[in-house]
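# Coordinate analysis (summary)
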There are 2 protein chains.
Amino acid sequence: LEKVERFPGFVWRATLKMGNEDPRKVIHALKVGVSLTLVTLLYIMEPSFEGIGDNAIWAVMTVVVVLEFTAGATLCKGLNRGLGTLIAGSLAFFIEYIANESDRIFRAVFIGTSVFLIGAISTYMRFFPYIKRNYDYGVVIFLLTFNLITVSSYRVDNVLQMAHERFYTIAIGCGICLLMTLLIFPHWSGEELHNSIVSKLEGLAKSIEACVNEYFNDADEIKETNDKSSEDPIYEGFKAVLDSKSNDETMALHASWEPRHSRHCYRYPCKQYIKLGAVLRQFGYTVVALHGCLRTEIQTPRSVRALLKDPCIRLAGEVSKALKELASSIRIRRHCSLNILSDHLHGALHDLNTAITSQPSLGSNNSQAPMEKPSQPGQQHQQTKQNFFSGVLSLSKREQLQTSKDQLAAADERKMLRKQMSKITITSLEFSEVLPLAAFASLLVETVAKLDNVITQVEELGVFAGFDEFGDDHGHV
Amino acid sequence: LEKVERFPGFVWRATLKMGNEDPRKVIHALKVGVSLTLVTLLYIMEPSFEGIGDNAIWAVMTVVVVLEFTAGATLCKGLNRGLGTLIAGSLAFFIEYIANESDRIFRAVFIGTSVFLIGAISTYMRFFPYIKRNYDYGVVIFLLTFNLITVSSYRVDNVLQMAHERFYTIAIGCGICLLMTLLIFPHWSGEELHNSIVSKLEGLAKSIEACVNEYFNDADEIKETNDKSSEDPIYEGFKAVLDSKSNDETMALHASWEPRHSRHCYRYPCKQYIKLGAVLRQFGYTVVALHGCLRTEIQTPRSVRALLKDPCIRLAGEVSKALKELASSIRIRRHCSLNILSDHLHGALHDLNTAITSQPSLGSNNSQAPMEKPSQPGQQHQQTKQNFFSGVLSLSKREQLQTSKDQLAAADERKMLRKQMSKITITSLEFSEVLPLAAFASLLVETVAKLDNVITQVEELGVFAGFDEFGDDHGHV
């Protein structure tokens, strides 16, 4: 009972919240209300529109069905509806013309056959991906209109008159929709896509920073107690990116119908936005893998992690900064300064490399290094690796007790979490603990490579969308 | 001109191809054709359905709009349409009742106001995610019907009679849709979701196997020449998994409307399917990361890779086999033998571990191992790591010339591929080459952990969907 009493309050709060978050939704709802009232008034004011008569319902139907949230979606639906109606009308009249020549029985058979054929063919057409993507609604309207005209024509004599009236009312409905969508508080799909890309870039930036910070976070207790709430920011950051494909494509499709409303009247670069979205998804998958390292079965002890802590955090910070810089350059539609970005990244990568090189080594091989370094660059790499891993190992040994304690704690945690498949889990425990740290570092370097692709795509987008040149007054964000 | 001449042939081939791939699409198209013809005949046979008159168009409209590919989708739409129409009708009559009491001017104002309010409120309601997901179509139909009745009622006197007729025709349309969708060659959303999960499992199985094979493939030339075609099978395998979220949810929603057509009349476990889909996506992200290792900037030389080749291939084979086993157990709706799965995986993991342990070591530390092994298990891990990495290193040194040659080739390839951001790319070259191999192995172990989740979810699905018990006659697939 109490739940029922609280329900209206809950609905009211949810309504207010949604309105506050995005006032455009309220505006859109009011726009639909106004449009419908206008159409209704049209019908009520009999004297001036005598000719329209009963067909006024078509204007109402058009407004209800066509008026969408963004201008692009409305134009797309309106055009689909218009085209579908027109083609269906022509075809129906053609069939009508043939059927009229014959007697009543043949006419019924002929109409039945054509309805069957047109219905089956156009339904089959809707399965083609290209038509499904672009003209699905148009085909439905075509089928609907064709059937309505064909069926009506069997009884109504003056079909041309009816079609005429109907066409007028649909035109009036479409006109009201266009007026409302283009001139009164218009919402652009292109704008929405633009903003969604910016917010995705920012989300990824936050995500990667939070992820690396959590990985190198020393305070275990905080992580374990706030497990769910502390993981949210990371997940929230990349969640929107992962499943964005269909959404992006719909927005880009609608945006391609919108008039060029930018200052320079550039053609809206839908394809570039879609490509950028795909590259961002690729970046997102790497972040998911990084995030997976936080919860992997084999955990590197924190003491070993600490060796790479600072350079990794710096690299992640640089990647995150680069993403934010890209986001803000897209937001203000200005080319960003590639050199600054890559210089900083270069520095951070160099740092990570230095950190790997400069670990205390196990002895014997270290002495060879200065000798061979200048002559053979390949040798240097070998040396680097060796130094890093032997450094890790010597430290690991010292921290051995700590390590096994950590392992036990981790095992307990795992046991609590998932009891079922203990066999596999225990087996994985036997693996080296340095492996995940290496994987983490490798994935982090991988994000830099993916960032490269993102930068390339943003550049391309900038060229196609005619972004401003990077100015000296811009500097860092 | 030639292009235009070839166009019909192209369309015809595409049509045949789609029909061959999925004959259900052809059947659905024919079903729509038959339903439309039935509705049209209804209208044409005047004598028996005199009462319906002009309102026959509503039956046509219902069939065109409601009849969908799967039974669940049709039921969902039909119910939405029915509910929307019913509620709208009741509300419209209520408002009509109030408006009738007053004079003409007040009536017009009253109708206008109510149209505005109902229009704005129901449009706003459509933004709520819960309503958007479940009742979007119903709200549109509600708005449409309400406006039609309200607008018509202003002029038509006998509104009740009109509503009556309209209701009958809509009921006839819905009846035909139900008959067609449930009794004649029905396609079930639940079945489709089931099959899509099975094919996703199989796709992932293929993907992971192909990915590991390509990573350890010795023949560089083949990889480079057939670059695009050889990567396709890997990408094809997990592509369907990644962007499947909205699709899965729609199918599950429709499936939840379908009657329980299974032998045991179990409730269709939509939630379990959605959860399984989510776990599969997680698995897919790991496979994407594995796939990323194939094209990463820093490549481990093949000679070093060869050290882990066999165990990695075996582990991937086992994971792939487990996925296939799960797929086939879902397909035949039978519990799978968990023990066999985990035993084999256990063996493969153990193999990989052994491979890491048994590499030739660099000397000094090896002598300590036998002494400390029995007393301290933690020590053994350290030893393992050390052996592995020092083994890799000693081999690396021997293969140094080979390595630097490989590096040069790789650098050339990279240069050809992407010239732009050479700065970052060159920096990453300085990193250790063992890092990616460690990352690869770590990710492979990670897939086993993810496989765990998949197995858990499949088990849960099996319980909820009432799969058969695992029988002795089943064995391996």
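Residues numbered from 1 in each chain as written. Chains lettered and ligands numbered in written order. Predicted model: local features only at pLDDT ≥ 70, side-chain atom pairs only at ≥ 80, totals over all residues. Heavy atoms only, no water.

Turning our attention to the packing of helix α8 (residues 189–215) of chain B against helix α12 (residues 270–294) of chain B. Residue and element names in this part refer to chain B. Two elements in contact, α8 and α12, have axes whose closest approach is 10 Å; the angle formed by their N-to-C orientations is 20°. As summarised for this structure, α8 and α12 are arranged roughly parallel, according to the angle between their axes. The crossing of α8 and α12 is left-handed. Along its contact with α8, which presents Leu193, His194, Ile197, Lys200, Leu201, Leu204, Ser207, Ile208, Cys211, Glu214 and Tyr215, the element α12 presents Tyr273, Leu276, Gly277, Leu280, Phe283, Gly284, Val287, Leu290, His291, Cys293 and Leu294. When the residues that make up the contact of α8 with α12 are grouped by side-chain class, the tally is 15 nonpolar, 5 polar and 2 charged. (Axes fitted to C-alpha atoms, helices over the stretch in contact; angles between N-to-C directions. Helix = DSSP H or I, 4+ residues; strand = E, 2+ residues; numbered from the N terminus. Parallel < 35°, antiparallel > 145°, perpendicular 65-115°, else oblique. Left-handed = near helix turned anticlockwise from the far one by under 90°. Contact = heavy atoms within 4.5 Å. Nonpolar A, V, L, I, M, F, W, Y, C, P; charged D, E, K, R; others polar.)

Opposite charge on two side chains permits them to pair, given that their charged atoms come into close proximity. Residues and elements named next belong to chain A. Inspection of every chain in the model, using the stated rule, returns 18 salt bridges over all chains. Close ionic contact of Asp248 with Lys200 constitutes a salt bridge, the shortest N to O distance being 2.9 Å. Here Lys200 lies in helix α8 (residues 189–215) and Asp248 lies in helix α11 (residues 245–255), a separation of 48 residues in the sequence. Among the charged side chains, a network of salt bridges with common partners joins Asp22, Arg24 and Glu192. (Salt bridge = Lys/Arg side-chain N within 4 Å of Asp/Glu carboxyl O.)

Let us now look at the confidence of the model for chain A. Segments scoring low in pLDDT should not have their predicted coordinates read at a detailed level. Residue and element names in this part refer to chain A. For chain A, per-residue confidence averages 71 on the pLDDT scale, and residues scoring 70 or more make up 68% of the total. Element-level mean pLDDT values for chain A span from 33 in helix α15 (residues 369–372) up to 85 in α8. Low pLDDT, under 50, characterises residues 221–230; the stretch is placed with 6 contacts to residues that sit more than four places away or in other chains. A low-confidence stretch, residues 359–431 (pLDDT under 50), is modelled with 128 contacts involving residues beyond four sequence positions or located in other chains. Taken together, the chains of this predicted complex give a pTM of 0.73 and an interface ipTM of 0.73. (pLDDT = per-residue confidence, 0-100.)

Enumeration according to the criterion identifies 9 aromatic pairs over all chains in this entry. Ring plane angle 20° and centroid distance 6.3 Å describe the contact between Phe142 of chain B and Phe146 of chain B, whose orientation is recorded as stacked. With Phe142 of chain B and Phe146 of chain B both in helix α6 (residues 129–153), this residue pair falls 4 residues apart, about one helical turn. Phe146 of chain B shares its class with Phe142 of chain B; the two are buried. Cation over ring: Lys77 of chain A sits above Tyr137 of chain A, and NZ or CZ is 4.7 Å from the ring centre. (Phe/Tyr/Trp six-rings, centres within 6.5 Å; stacked < 30°, edge-to-face > 60°. Buried < 20%, exposed > 50% of the residue type's maximum accessible area, 1.4 Å probe, protein only. Lys NZ or Arg CZ within 6 Å of the ring centre and 35° of its normal.)

Right, let's talk about the packing of helix α5 (residues 104–125) of chain B against α6 of chain B for a bit. Residues and elements named next belong to chain B. Interaxial distance between α5 and α6 falls to 9 Å at its minimum, and their mutual angle equals 170°. Compared by their axis directions, α5 and α6 come out roughly antiparallel. Side by side, α5 and α6 meet where Arg107, Ile111, Ser114, Val115, Ile118, Gly119, Ser122, Thr123 and Met125 of the first sit next to Ile131, Val139, Phe142, Leu143, Phe146, Asn147, Thr150 and Ser153 of the second.

For Arg81 of chain A, the location among the structural elements is in helix α4 (residues 71–100). Among residues more than four places away in sequence, those in contact with Arg81 of chain A are Trp58, Met61, Thr62, Val65, Val66, Tyr137 and Ile141 of chain A.

At Phe185 of chain A, a position not held by glycine, the phi torsion is positive, near 45°. Within the element layout of this structure, Phe185 of chain A appears in the loop between α7 (159–183) and α8.

So, on to a nonpolar patch on the surface. Residues and elements named next belong to chain A. Together, Leu79, Leu83, Leu86, Ile87 and Phe167 make up an exposed nonpolar region whose accessible area comes to about 480 Å². Among the elements that line the nonpolar patch, the one with the most residues is α4, at 4 residues. Following the sequence through the fold, Leu83 ends up in helix α4. Since its relative accessible area comes to 43%, Leu83 is described here as partly exposed. (Patch = residues over 30% accessible without salt bridge, like charges linked within 9 Å, V, L, I, M, F, W, Y side chains within 5 Å. Areas by Shrake-Rupley, 256 points an atom, 1.4 Å probe, with all protein chains shown as cover.)

Let us look at the side chain of Thr85 of chain B. Residue and element names in this part refer to chain B. With respect to the helices and strands, the residue Thr85 is situated in helix α4 (residues 71–100). On the basis of relative accessible area, Thr85 is assigned to the buried category, the value being 17%. Ignoring anything within four residues of it in the chain, the contact list for Thr85 reads Ile141, Thr145 and Ile170.

A separate point is the environment of Asp243 of chain A. Summarising the element assignment, Asp243 of chain A is placed in the loop between α10 (227–242) and α11. Here the alpha-carbon distance between Asp243 of chain A and Arg281 of chain A, two residues 38 residues apart in the chain, equals 8.3 Å. Ignoring any residue separated from it by four or fewer positions in sequence, one finds Asp243 of chain A in contact with Leu242, Lys245, Arg281 and Tyr285 of chain B.

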